[in-house]
Amino acid sequence: MNPLVEFCISNLAKGAQETYEILENDPNIDVLEYGCLSYCTVCDNGLYALVNGDIVEADTPEELTKKIYQYIEENPLF
């Protein structure tokens with residue numbers, strides 16, 4: 001079972017698209033996008049994604065990518 005990373009389409013438009021594309025090319029991560037994840041305040045404040053249901057936030061796409069990989073490493077599914 002792969003980690004699941006979910007993105008809001010509005011946050012992708014704000015800059016998370018770069019992270020989305022990197023993760024989508026990783027065969028060990030499942031990536032989904034939704035019209036809205038109902039975290040509008042978080043979305044308005046910066047970039048974020050849900051990783052296995054938990055919010056991971058960052059200011060830049062590079063930082064978001066790094067934090068997502070770090071979260072996955074520190075919180076294995078097994």
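Residues numbered from 1 in each chain as written. Predicted model: local features only at pLDDT ≥ 70, side-chain atom pairs only at ≥ 80, totals over all residues. Heavy atoms only, no water.

Caption draft 1: Examining the pairing of strand S2 (residues 30-34) more closely. Pairing of strand S1 (residues 4-8) with S2 involves five bridges; the strand directions are parallel. Counterpart to Val 5 in the pairing with S2 is Val 31. (Pairing = 2+ DSSP bridges. Helix = DSSP H or I, 4+ residues; strand = E, 2+ residues; numbered from the N terminus.)

Caption draft 2: Representation of the packing of aromatic side chains. By the definition in use, this model includes two aromatic pairs. Ring centres of Phe 7 and Tyr 20 lie 5.5 Å apart, and the angle between their planes is 75°; on these two criteria the pair is classed as edge-to-face. Remark: Tyr 20 occurs in helix H1 (residues 9-24) and Phe 7 occurs in strand S1; sequence separation between them is 13 residues. A residue is classified by how much of its surface remains accessible, and Phe 7, at 0% relative accessible area, is buried. Here the aromatic rings of Tyr 39 and Tyr 48 are separated by 6.2 Å at their centres, their planes lie at 65°, and the arrangement is edge-to-face. For Tyr 48, a relative accessible area of 0% puts it in the buried group. (Phe/Tyr/Trp six-rings, centres within 6.5 Å; stacked < 30°, edge-to-face > 60°. Buried < 20%, exposed > 50% of the residue type's maximum accessible area, 1.4 Å probe, protein only.)

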